[in-house]
Amino acid sequence: MRAGEHLMLMEEIIALEERHTSGLNVKRPIALVRGQGAMVWDADGRAYLDCMTGHGVATLGHCHPEVTAAIQTQAATLVACSEAVYNDQRAALMEELTHHTPGDLKRVFLCNSGAESIEAAIKFARFFTGRTEVVAAMRGFHGRTLGALSATWNAKYRDPFLPLVPGFRHVPFNNLAAMEDALTDQTAAVIIEVIQGEGGVHPADPAYLEGLRALCTERGVLLIVDEVQTGMGRTGRWFACEHFGVLPDMLCLGKALGGGVPMGAVIWREALGKLPAGIHGSTFGGNPLACAASRAVVHVMERDDLPGRAARLGAKLLADLRAIRSPLIREVRGRGLMVGVELRRRATQVLRALMERGVLAMPAGSTVVRLLPPLVIAEEQLDQVVQAMAQALADVMDTRGEAAREEEE
Ligand SMILES: *Cc1c(COP(=O)(O)O)cnc(C)c1O
């Protein structure tokens, strides 16, 4: 709290926002005003362990000192600088980021969100192949702009906006025969999450991805791997495709890439070459502020081996969650610090109980509680998350009769 700053009460914030908000979000009745590391605070001063991290954005936690310093310094140096010219921060980021991308994934298009990276990848795939069709997976999520939405599976997101971009079809995830049947001589690309996030934290089978890679190569189809959620260390490797030894033709990034500053990227194989000038672009894409923030993310991830930390802590988190004895749990799955607890019922009440116990988590589909803690979370904090989960499940069991009636209404 700085001197002279007006402290708004939680109810004031909520009422003010409600007066103007789009209505598009189902919001929890709290207003967050501050964050530090794995903790966030609401306007009443109540602390929460943050396993939402703004949908998996804050992988370095909130207000990481190096990200904050990078943003502050760059804000006082140069902020507005489009790709009409070259820039030191952009040049350095492209070099430093592609140091970690597998194979010859070296060509970079920078944009401002996950959906924008998907839009760009779809356009680039059409351009590179001269074909127009795209095959995506059932339960897949790729964003909400019209192109990205065409690749997204959930009818709830799609149906109000039909017709979408033509030439998209969806096949069952982890089913190679279905994919093979769906490919035509007009298929430009297959787009896939190697661990489906929004759809419920479903990892791909290694044999499926291996087969998919071979199939795409054989048919001249580009393999787009959407790592908007799984990228940047979340799953225990810099990029989740590395777990499977699969080299995509294009990699889509977003969420954690900018350390909280909006940012997206498509990174494609050098073998595909450069694109011609003018066929795509973005005013804000590659701006020095986002690039400076992203460079700080890359540096800290490298120096502190955050992917390694995510792998180690994630294995423990999975084991500890699996040790919880609750009849409400159907399955615990995930990789690194991307974990889903699938329940035998809707996730809403468990999420609410978790919040009451001081942990913020997210749904993935209707029955999965998704945990995306920052990769810097302390082990004790992660233990607290597990404890809160066990307690929240017990809380919901205690009120089960009441709850069942509520849900029937
Ligand atoms: C969040 C997400 C997107 C969309 O990103 P936005 O920044 O919300 O547009 C796309 N793909 C995946 C896998 C995501 O998790």
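Residues numbered from 1 in each chain as written. Predicted model: local features only at pLDDT ≥ 70, side-chain atom pairs only at ≥ 80, totals over all residues. Heavy atoms only, no water.

Visitor: Break down helix H14 (residues 379–398) for me, citing the residues and quoting the values.
Guide: Between its terminal C-alpha atoms H14 stretches 29 Å, which fits the 28 Å expected from 20 residues at 1.5 Å a residue. Of the residues making up H14, those classed as buried are Gln 381, Leu 382, Val 385, Val 386, Ala 388, Met 389, Ala 392, Leu 393 and Val 396. In a view along the axis of H14, the buried residues occupy a sector of 160 degrees, so they form one face of it. Facing away from the buried surface of H14 by more than 90 degrees, the exposed residues are Glu 380 and Asp 398. (Helix = DSSP H or I, 4+ residues; strand = E, 2+ residues; numbered from the N terminus. Expected span 1.5 Å × (residues − 1). Buried < 20%, exposed > 50% of the residue type's maximum accessible area, 1.4 Å probe, protein only. Arc of directions from axis to C-beta.)

Visitor: I'd like to hear about the domain arrangement of the protein chain, residue by residue, with values.
Guide: Domain annotation of the protein chain identifies domain 1 (26–63 + 306–408) and domain 2 (65–304). One C-alpha centre belongs to domain 1, the other to domain 2; they are set 26 Å apart. Each side of the interface is counted separately: domain 1 has 27 residues, and domain 2 has 29 residues. Between domain 1 and domain 2, roughly 2300 Å² of surface is buried when both sides are summed, and carbon and sulfur atoms account for 63% of that area. Of all residues in domain 1, the largest losses of buried area upon contact with domain 2 belong to Pro 307, Arg 335 and Met 338, amounting jointly to 29% of the total for that side. In this structure, the connection of domain 1 to domain 2 is made through one salt bridge. Close ionic contact of Glu 198 with Arg 370 constitutes a salt bridge, the shortest N to O distance being 3.3 Å. Inspection of the region where domain 1 meets domain 2 yields 12 residue pairs in polar contact (both at pLDDT 80 or more). At the level of elements, helix H2 (53–56), helix H12 (306–322), strand S13 (329–335), strand S14 (338–343) and strand S17 (368–371) are the ones that each hand at least two residues to the side of domain 1 that touches domain 2. With five residues, the top contributor of residues to the side of domain 1 that touches domain 2 is H12. Residues belonging to the side of domain 1 that touches domain 2 are distributed by class as follows: 15 nonpolar, nine polar and three charged. (Domains from an automatic or database assignment. Contact = heavy atoms within 4.5 Å. Buried area = accessible area lost by both parts, 1.4 Å probe. Salt bridge = Lys/Arg side-chain N within 4 Å of Asp/Glu carboxyl O. Polar contact = N/O pair within 3.5 Å; in protein donor to acceptor, adjacent residues only side chain to side chain. Nonpolar A, V, L, I, M, F, W, Y, C, P; charged D, E, K, R; others polar.)

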